[in-house]
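Structural characterization, general
Each chain, letter by letter, is given below.
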Amino acid sequence: MIYADHAATTPLSPLALDAMMPFLQGEFANPSSLHTPGQRAKEAVEDARRTVAEALHARPEEILFTSGGSEADNQALLSAARAGARKGKKRVISTAFEHHAVLHTLDKLEKEGFEIVLLPVHENGIVRVEEAEKAIDDNTAVVSVMFANNEIGTIQPIAEIGALCRQKGVLFHTDAVQAVGHLAIDVQAMNIDLLSLSAHKFHGPKGVGALYARRGIALESLIAGGAQERGKRAGTENVAGIVGMAAALREAEAHRENNAMYLTNMRDRLIRKLSAIEHSVLNGDAQRRLPGNVNFCFEGIEGESLLLLLDDDGIAASSGSACTSGNLDPSHVLLAIGRKHDIAHGSLRLTIGEDITEAQIDFLAERVTDAVRRIRAISPVWRDLQEGKRPYVIQ
């Protein structure tokens, strides 16, 4: 099996598992307890907090542990927007291709009376800073732009948008779920006020993540209960998950530059080979994208059929976000960059990991090329295109 769906989730690092095991067995105490075992658990949580803070160039007290990126996105946006509303600011600016954890939270805020402005991302999948600048006004409470897109992998001008927001006195949030552990992030230098991350995107365990909130930002608690996480996130801490996340992040940061270089070479090799398929197009900017992300549309096919054929060949891939894999509607990300509905249906996302080999890249390209050929051979749409009954959209 070639696993090419790392954007959905990554395999658990052996180092992370080793770090977790003591807290799944002997060191099982509640970190809120005052006895010695409880205090050992608490120290493990605080040590993990320091590790996450160091990776982001933040302070430990600015890190809040959550159940993952979606919870962090919700808490960040609801807190920032409602804080702005208390000052009479009820505009929230984001982008048209955010993760649904952001988009659905924006829907909730719109029902509360907030004005929601979604910036376009254009065909290359990148937000233009000048358009963000035009959208920000005196009524703006928060701007939220994802660091790197989860489907097409494009990396946004986060530092430039952060500087703009700081200059305008507007809070800036970024969903960095796909970026943390893979890209260099400095919340201070980039003027990021709020940042969301999730452990299972960088070889940590599922069900744990974190929210960075710059000191001085008032967070609303989404969960009522105890006083954990400084009263901002009730519930007994997932000690094993938190420790595993920190271990995985520490490992990812130690190898980040070498991994990025290797994955970029493998990514570009795969892009070159898939570009040879007639009437295909790479989605998103070819260079300003995550090291391991390859996303294509192939005219005249259905992405679901392509995934099933690849699965038969022992290749695990996706046609978009894992969160919407059961949805038959075309990707909102691809529609946002201007792909037509029928073209967006023929998409393939391959997200590779550090263990991929050159031979596996070549095998991937070979099997995708063959699968596209096989589907087109029985496709009435492809037949109409070849007979000139309809024009090609992808030249």
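Use the structure listed above.
Summary of the structure given here.

Let us now look at the side chain of Ser 347. For Ser 347, the location among the structural elements is in strand S12 (residues 347-351). A polar contact is formed between the side chain of Ser 347 and the backbone oxygen of Ala 344, at a distance of 3.4 Å. Every residue in contact with Ser 347, bar those within four places of it in the chain, is listed here: Asn 295, Phe 296, Cys 297, Gly 303, Ser 319 and Leu 334.

Read across the sheet, three strands follow the order S9-S10-S12 without closing on themselves; strand pairing throughout is antiparallel. Strands at the two margins of the open sheet, each flanked by one partner only, are strand S9 (280-282) and S12. Each adjacent strand pair in this sheet contributes to an overall mean axis angle of 25 degrees, direction not counted. As paired strands, strand S10 (residues 293-298) and S12 are joined by five bridges and run antiparallel to one another. Its bridge partner being in S12, Cys 297 is matched across the sheet by Ser 347. Where helix H7 (residues 239-274) meets the sheet, its contacts fall on S9, S10 and S12, and the angle it forms with S10 comes to roughly 10 degrees.

Tallying each qualifying case throughout the model produces two aromatic pairs. With a centroid separation of 5.8 Å and 10 degrees between ring planes, the pair formed by Phe 296 and Phe 298 is classed as stacked. Relative accessible area serves as the criterion here: at 1%, Phe 296 is assigned to the buried category. Since its relative accessible area comes to 0%, Phe 298 is described here as buried. Stacked on the ring of Phe 114, the Lys or Arg Lys 90 has its end atom at 4.7 Å from the ring centre. A cation over a ring is seen here: Arg 376 above Trp 382, with NZ or CZ 4.0 Å from the ring centre.

For the structure shown, the criterion picks out 28 salt bridges. Residue Glu 229 pairs with Arg 49 through a salt bridge whose shortest N-O separation is 2.8 Å. Of this pair, Glu 229 sits in the loop between strand S8 (209-213) and H7 while Arg 49 sits in helix H2 (residues 36-56), and the two are 180 residues apart along the sequence. Among the residues examined, Arg 49 registers a relative accessible area of 4% and is labelled buried. Between Arg 339 and Glu 123 there is a salt bridge; the shortest N-O distance is 3.3 Å. Of this pair, Arg 339 sits in the loop between helix H9 (332-336) and helix H10 (341-344) while Glu 123 sits in the loop between strand S4 (115-119) and helix H5 (129-135); the two residues are 216 residues apart in sequence, bridging distant segments of the chain.

Turning next to the sheet that holds strand S5 (residues 140-144). Strands sit in the order S2-S8-S7-S6-S5-S3-S4 across an open sheet of seven strands; the sheet is mixed. Since the sheet does not close on itself, it has two edges, and those belong to strand S2 (63-66) and S4, each with one partner. Strand-to-strand, the axes of this sheet are offset by a mean angle of 20 degrees, without reference to chain direction. Sheet analysis places strand S3 (residues 91-95) next to S4, joined by five bridges and oriented parallel. Each bridged residue has a counterpart across the sheet, and for Ile 93 the counterpart in S4 is Val 117. On top of the sheet, H2 reaches S2, strand S7 (194-198) and S8; it is set at about 115 degrees to S2, its chief contact.

Moving on to the pairing of S3. Taken across its five residues, S3 has five buried, putting it largely inside the fold. Side chains Arg 91, Ile 93 and Thr 95 project from S3 onto one buried face, and the interleaved Val 92 and Ser 94 project onto a second face that is buried too. In this region the chain leaves S3, passes through helix H4 (residues 100-111) and returns to the parallel neighbour S4; the handedness of that crossover is right-handed. Bridge count between S3 and S5: three bridges; the pairing is parallel.

Moving on: the nonpolar core. By size, the foremost hydrophobic cluster in this structure holds 68 residues, and its most contacted members are Leu 56, Phe 147 and Leu 195. The element contributing the most residues to this core is H7, with ten residues. Setting aside residues up to four positions removed in sequence, Leu 195 forms contacts with Leu 56, His 173, Thr 174, Ala 176, Val 180, Ile 185, Val 187, Ala 210, Leu 211 and Tyr 212. Phe 296, Ile 315, Ala 317 and Leu 364 belong to the second largest nonpolar core, which has 30 residues in total.

About the cut-offs
Residues numbered from 1 in each chain as written. Predicted model: local features only at pLDDT ≥ 70, side-chain atom pairs only at ≥ 80, totals over all residues. Heavy atoms only, no water. Helix = DSSP H or I, 4+ residues; strand = E, 2+ residues; numbered from the N terminus. Polar contact = N/O pair within 3.5 Å; in protein donor to acceptor, adjacent residues only side chain to side chain. Contact = heavy atoms within 4.5 Å. Pairing = 2+ DSSP bridges. Axes fitted to C-alpha atoms, helices over the stretch in contact; angles between N-to-C directions. Phe/Tyr/Trp six-rings, centres within 6.5 Å; stacked < 30°, edge-to-face > 60°. Buried < 20%, exposed > 50% of the residue type's maximum accessible area, 1.4 Å probe, protein only. Lys NZ or Arg CZ within 6 Å of the ring centre and 35° of its normal. Salt bridge = Lys/Arg side-chain N within 4 Å of Asp/Glu carboxyl O. Right-handed = clockwise from strand over helix to strand, strands pointing away. Core = buried A, V, L, I, M, F, W, Y, C linked by side-chain atoms within 4.5 Å.

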